[in-house]
Every structure is written in C-alpha cells, then in structure tokens.
Amino acid sequence: MKYVYIALGILFSIPALAETKFLDGMSVGVGVSATTGMNLSLGYHNPDFESYWTRRLGVRIDFAATDPLKSAIDSAIDSYMRDGRDVGDGVKIDEGSLDAWHGSILLDYYPFARTWRVSAGYAWGGAALDAAIFGEIERARAQRFYFYLAGDHYYYNGNNFNGAANIDWNYHGPYFGTGFDFNIGCRFGFFLDLGVVVTNRPAKLSLDVPQEQLYVYNRLIGIWLPVTIPQLDADIARATRDANDKLSDLRVYPMVKLGFSYRF
C-alpha cells in the first residue's frame, strides 16, 4: 500500500514541480573532447530558483568516445607526424592511432548563478595510443641500420627496420575542473570544459621489435651476433621499465571539451 501512496505523491507533485520551473533546468549537450572524442552529456541546473544554493548547484553525467570521430582523429595525428617524428638514434615514430573513452559524474557550482562554473566529481576511462616505429637510411640498399636499446648496440641487416609502440592508460579518480555555459538564444548555447582526472593508475608503454635480421654487439667477445629472443625480450623489458618509471610520475589525465547544448 505504501507504494501506492508514493506513486500518488509523485503524481500530485508534478504540477508543483512545473510551477517551480524544475523541468526548465534540464539540458543535453553534444560536443568534442580533445582527449576522448565525441562527448554527450545530460545535466541539470536552474538559475531561476530563489534559494541561494539551489540556483547555484547543478549536476551532470557525460560520456565520450573516439569511435564516431576515429578517422578524423587518426588523420589529424598522421598529419602532425607527417614523415615521422625523430625520437633519437635515427628512430622515428609514425602512423599514430588513438582509441579513448571516458565517463563522469559531476557536481557543478555556479558562483554567480550563471555562465561560469567550477566542477568536481568522479571520472573513469581509458586511452590507447598506437604508433609505428621505423628507421631508414635513404638511398642505401645494403647498409646496416644501427640503434641502441636499453644500452645495447643493435643493427638490422639492411637499411631499415619497423616496429611498434603502444601506450595504454586505464584510469579512474576524482575530477576537478572549470567551465562556461554561454546562452546564444532559443534555448541553445555552447559550453567549454577544462579539467583533469587525478588518478593513481599510470599509463603503460609496450614495444614490439622484430627479431628477423637483427644483430647485437657482444661486448664480452667483441663481435656481432644474431640476437636471441631472451636477450631481446630482456632489453625490451629494461627499456619499457625505464619509460614506465617516467610515466608513473604522470598521474593527471587532462580533459578539454567544447560543444553545443540545449536547455529544456
């Protein structure tokens, strides 16, 4: 029987909610995120309430993913890298690809009841950046391509090599940020969000270096020998461990979002 009373209470409260313009505070937003692709959000904030706090507080949930914009994002990365970005020892990175997403639950505070807000909440998501690693000696058909890995000297029996690098970042943690909601008329507006997710889960780097035609310099006997899989794996592990130690200092995932909104 109590559920009947609850249902009746909700039913009879709808006119009262309409009188207080409760529904006028609902909004939906569609935008793009520089780090996670297309962004969709649902929020509530009503600056017409009379209470100091209720007119200044709002809530939002949002979700973003790169899938709807993947071709455009990958094209932008390729355009940035062009003929490859040099990372040392004659090695370059190329053909970048980003897959990312995030979700968040946010509480907004509007100091002046409108436009500018500061936000806090909780966010979770992931990002995977893949890139090709390559090196080439131009106009040389038979020369050796030399490089260093974890302090060991290697060469490929030819003028080039190809590998791959991947950075994975699965994060979650508190979100802190600020933003603006601008009204452009007819219930439409646009928004800007700037914030960070503070997380204790750092990004992880992995490398793939092909073994075929690969030689390593043996410093004990002073000659070049074909590399063995255990030695190559050990050097890759040392190289990635050093890189991941540096990545472990990065515990802040940035978020920048820009888009349009509609307020009911």
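Throughout what follows, the structure given in this document is the object of discussion. (Residues numbered from 1 in each chain as written. Predicted model: local features only at pLDDT ≥ 70, side-chain atom pairs only at ≥ 80, totals over all residues. Heavy atoms only, no water.)

**What about the side chain of threonine 240?**
- Tracing the backbone shows threonine 240 in helix 3 (residues 229-247).
- A polar contact is formed between the side chain of threonine 240 and the backbone oxygen of isoleucine 236, at a distance of 2.8 Å.
- Those residues within four positions of threonine 240 in sequence are excluded, and the remaining contacts are Leu205, Ser206 and Leu207. (Helix = DSSP H or I, 4+ residues; strand = E, 2+ residues; numbered from the N terminus. Polar contact = N/O pair within 3.5 Å; in protein donor to acceptor, adjacent residues only side chain to side chain. Contact = heavy atoms within 4.5 Å.)

**A short note on unusual backbone geometry**
- Here the phi dihedral of threonine 115 falls at roughly 65°; this positive angle occurs in a residue that is not glycine.
- Position of threonine 115 relative to the elements: it lies in the loop between strand 5 (91-109) and strand 6 (116-136).
- Its identity as a non-glycine residue notwithstanding, arginine 187 has a phi of 70°, on the positive side.
- Within the secondary structure, arginine 187 sits in the loop between strand 9 (160-185) and strand 10 (188-198).

**Side note on the pattern of salt bridges**
- Summed over all chains, the structure comprises nine salt bridges.
- Notably, a salt bridge pairs aspartate 193 with arginine 60, separated by 3.2 Å at the nearest N-O pair. Taken as a pair, aspartate 193 in strand 10 and arginine 60 in strand 3 (residues 57-65) lie far apart in primary sequence, 133 residues in all. Like aspartate 193, the residue arginine 60 is buried in the burial classification.
- Its salt-bridge partner being lysine 257, residue aspartate 62 comes within 2.6 Å of it at the nearest N-O pair. Separated by 195 residues along the polypeptide, aspartate 62 in strand 3 and lysine 257 in strand 14 (residues 252-263) bring together distant segments of the chain. Taken individually, aspartate 62 and lysine 257 each receive the classification buried, so the pair is uniform in this respect. (Salt bridge = Lys/Arg side-chain N within 4 Å of Asp/Glu carboxyl O. Buried < 20%, exposed > 50% of the residue type's maximum accessible area, 1.4 Å probe, protein only.)

**Points about the sheet that holds strand 8 (residues 152-156)**
- With antiparallel pairing, the four strands of this open sheet are ordered in space as 7-8-12-13. Here the strands that pair on one side only, and so sit at the sheet edges, are strand 7 (145-149) and strand 13 (223-226). Across the sheet, the mean angle separating the axes of adjacent strands is 35° when strand polarity is ignored.
- Bridge analysis of strand 12 (residues 214-218) against strand 13 gives four bridges, and the strand direction is antiparallel. Following the sheet pairing, valine 216 is matched in strand 13 by leucine 225.
- Helix 3 contacts strand 7, strand 8 and strand 12 of the sheet and is inclined by roughly 120° relative to strand 8. (Pairing = 2+ DSSP bridges. Axes fitted to C-alpha atoms, helices over the stretch in contact; angles between N-to-C directions.)

So far we have only geometry, and geometry alone does not tell us how the molecule works.
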